[in-house]
Every structure is written in structure tokens, then in C-alpha cells.
Amino acid sequence: MKRDIEEESVDISGRWLVVLACFIGIVIAGGIAFTCSIYYVEWLDTFGGSYATTAIIASLNMGILAISGPISSLLSNLIGFRWTIFIGGLMSFCGLVGSVFASNMYVLMGTFGVITGMGFGLTAVPFSVAPAAYYRDNQALVTGLGLSGLGFGSFVMPLIIEYTLELYFWRGSMLILAGISLNICIVGALIPPKQPSLNVPMKPEPGQEMPTAETMILRSKPMWLFMVHGTLFSMGISVMFVHITAFVEYQTHVTKYMASMLLMGYGVAVFVGRIGHGLIAQIKYVHIQTQHLIGYALAGFCILLMTSTTSYPAMVFLACSVAFCSACYASLSTPILSEIIGHHKLTSGYGYLNLAFGLGLVSGAPIAGRIYDASRNYHYSMYFSGFVILLSVFVMIPVCMKSLNLHRKPALPLRVMLEQQHESGEAFTKILNANHHNCD
């Protein structure tokens, strides 16, 4: 008995170690990917060129990070989470080291945009899915804790990059980031080599072929709606993110430093929001898909409200509200996927969802640029962002309504069962009475 308890306690501590490993890995990968725009000015001073060309480097990095989701899922299913993370960490290290020796913008697109982006992308699915793989009951909470690393990384990495830029310029700074990225391989080693099976197809009926997990996912209409929903949301949020600092500077007439400080507040709000949504999802009567849509709707309305204020404190409050509300994506996407396609197809499903999210990220930045070039007004970009996010909410409503109906179904059989028991009781009483009369 004592031995069983010791094994169980080790198992529980090992699970929390998986969550910690995913948190640290996302701090590194997500923090570097989402704050690399700090290097823009340094790259322009070194290589020249246009701001639009420089922006492609970061867009490639973030886009390939997300689009490589299906490849990451495939590797995770074939060789496991640990080795997939190790390969991704090694690729990101090589890409960052190669960036140190870049001679022009196009080399940076290949080294930092493609190679580093692919490396971070290979780690995205394992780091996102691993916590939920070991927890069935508290998926939203542990996923939120693990993915809150992005918010923390968005707060910490700018400080590290700014500090190293002052001491070693951008090449030395990126070499230090390369060393930091190698720690992804170390935290990957903390994840057990054999994760729970998440892509075991159900047994087919006699005479039928066994469908693969990918086939079942692609046949699911709710899954397609969830992917369209993710694409629209990521497109809208990326348009806002591209123009948020310039918009705040233009709208409130503050300095560039004050406008960029808003991003640090945004990162903190993402960190708090991912954990907060995970905790809210644990409340007994909370329906996670409804919580998810409410969060997105509030985020869209807050973006639209930003166009109507010239107050910097109000702008900071609304931007942080957008971050907190939209952070529900990270905490709730895994448990929502479990509801839509089943827990056993979670790894492949998350890869496809990342692909859809990446398509929105890749298309969002060019759309933001075209809107500004056509209007010379940041308001139209923010309008587009808010309305596209609200559109993503409407796309997901049918899936949410179906889920609500399924959650309410157990109440009907219970009532019917009670009525049947009552009718059976009356029938039994009549039989007893009849037998009693016959005996008399």
C-alpha cells in the first residue's frame, strides 16, 4: 500500500514537471518569436531597405511557427514529444547562430524567418498539448498554466534583448538568444519519452476500413468551423498587433517609448488571462465554449472602443482587456478540441488548428499594410481587426450551440427515467391490489 502511494505521488509530481517544462519552453520560444520586432531598427541601420521588407522577417518567423503545426503533430505521433522538442530546439539554435553571420535581409529571412521559425514551430504542439495529455480533469487549468509562458516571455524577453543590444549590438544579442534557445532541448528532456496515446483510432465495424486520425478530423464539420474561427481571429488580432504601437502614438500623442511600454502591459495581461481563464473554466456550471466566445466578443468590442478614445490610460486599459479576454484561446482550445474531435485525436487536431492560426497570422500583416497604404489612417485597420474578430465569434456559434445541447441532454433521460419509474410503481401497485383481491 505504501509503495502504491509513493508511485502515485511520483506520478503527480512528474505531471507538474511536464507543465513547468512547457511553461519554460514557451517563455523561450514564444518570447523570442513575439518580441523580435525590437531588432527592426538595428537591421534597417545595418542593411538598409524598407520597413515592409524588414517586417517580412518577423512575419515569416511567426507564420512558419504556426503553419508547421501538422509537421509537429506528425513527428510527435512518430517519435514522441521529447524528441520533437529536441529537434525543434536544435533547429532554432542553428537558425539564430546563422542569423549572427547574415550579410543581408534575405539571409535573415532564411535563417531567422524560416529555420528558427520552423524550430519554434516544431516545439509548439508538444508544449501546447503535453499538459493536457497527462490531465483529463483539469485540462483548461494546466493548459493555461503552461501556455501562460507566452505572456511571461513577452514581458521578460524585451528586457533581455534591450540589455544585450546595448552591450553587444544585434549580432551579439542574437548569439546570446541562440544560447538561451538551447535550453529548449533541456526542458524537453523533462517530458516523459512515451506520452499517453492521443491518436488511437476507434475500432471499425466489421467490413469497414479503419480510418486514420487525420481522416476523421478532416471529416468533422465542427473542426472545420473551429479552424475557420481560428484563422479569422488570428487575422484580426495580428492586424491590431502590427499597428497597435503606431496607433497609440498617433491617437494619444505620446512618445514612442510610452507606446511601446503598452506592449509590456499587454504581455502581462496575456499571462494573467491564460491562468485566469483556466481557473474560470474549473467553475462547475461554466461552459467552456461559451466562455471562449464571450472572451473573443469582448476582445473585438474593446478593439473597436480603442478608436473612440484619446486617453493613454484608457488605451492601456482597453489593450490589456483585449489581451486578457483573447487569452482564452490558449487556455480553452485544447479542452474544446477534446470535445469536438475526442481526446485520442488531440495531437493531430492541435496541429491543424495551429495551421489555421498561422494562415491568419501570415495574411494579417500584409492586410494591415494594405489598409494603411490605402487610407493613411490607422482607424480603418482597427475597425477591420475588431469586426473580423467578431465575425469569428459568429462562425463558432453553431458548434457552441451543439455543445450546449449535448450538455443538456442528460437532464431529459433522467426526467423520463423518473416518470417511467413512477409509472412502473403505479403498475406494480395495481398488480399487488389485483392479487390481493384474487386472494380474497
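Check the entry above for the structure.
Residues numbered from 1 in each chain as written. Predicted model: local features only at pLDDT ≥ 70, side-chain atom pairs only at ≥ 80, totals over all residues. Heavy atoms only, no water.

The next thing to look at is the environment of Asn61. Here Asn61 is to be found in helix α3 (residues 51-67). Each C-alpha atom, one on Asn61 and one on Thr111, is 9.4 Å from the other, the two residues being 50 residues apart in sequence. Each residue touching Asn61, except ones within four places of it in the same chain, is listed here: Ala33, Phe112, Gly113, Thr116, Gly117 and Phe120. (Helix = DSSP H or I, 4+ residues; strand = E, 2+ residues; numbered from the N terminus. Contact = heavy atoms within 4.5 Å.)

With that out of the way, let us pick up the packing of aromatic side chains. For the structure on display, the rule yields 14 aromatic pairs. Judged by centre distance (5.8 Å) and plane angle (70°), the ring pair of Phe47 and Trp170 falls under edge-to-face. Residue Phe47 is located in helix α2 (residues 40-47), and its partner Trp170 is located in helix α7 (residues 149-181); the two are separated by 123 residues in the primary sequence. When its relative accessible area of 21% is taken as the criterion, Phe47 is described as partly exposed. Classification of Trp170 as buried rests on a relative accessible area of 5%. Ring centres 6.3 Å apart and planes at 40° place the aromatic pair Phe233 and Phe357 in the tilted group. With Phe233 in helix α10 (residues 221-252) and Phe357 in helix α15 (residues 346-375), this pair connects stretches of sequence that are 124 residues apart. The class for Phe233 is buried, based on a relative accessible area of 4%. Through pairs of rings, three or more aromatic residues link up here, namely Tyr39, Trp43, Phe47, Phe112 and Trp170. (Phe/Tyr/Trp six-rings, centres within 6.5 Å; stacked < 30°, edge-to-face > 60°. Buried < 20%, exposed > 50% of the residue type's maximum accessible area, 1.4 Å probe, protein only.)

Next up on the list: the nonpolar core. Counting residues in hydrophobic clusters, the biggest one holds 109 residues, and the most contacted among them are Tyr39, Trp43 and Ile191. At 13 residues, helix α5 (residues 105-134) tops the list of elements feeding residues into this core. Excluding its chain neighbours within four sequence positions, the residues that come into contact with Ile191 are Val18, Ala21, Cys22, Phe81, Arg82, Ile85, Phe127 and Ala130. (Core = buried A, V, L, I, M, F, W, Y, C linked by side-chain atoms within 4.5 Å.)

Two numbers describe how α5 lies on helix α6 (residues 139-147): the axes approach to 8 Å, and their chain directions differ by 150°. Relative to α6, α5 is oriented roughly antiparallel. In this structure, α5 crosses over α6, and the sense of that crossing is right-handed. Across the interface between the two elements, Ser128, Pro131 and Ala132 of α5 pack against Gln139, Val142, Thr143 and Leu147 of α6. Taken together, the residues that form the contact of α5 with α6 break down as four nonpolar, three polar and no charged. (Axes fitted to C-alpha atoms, helices over the stretch in contact; angles between N-to-C directions. Parallel < 35°, antiparallel > 145°, perpendicular 65-115°, else oblique. Left-handed = near helix turned anticlockwise from the far one by under 90°. Nonpolar A, V, L, I, M, F, W, Y, C, P; charged D, E, K, R; others polar.)

Honestly, that's just the spatial picture; any functional story needs more than this.
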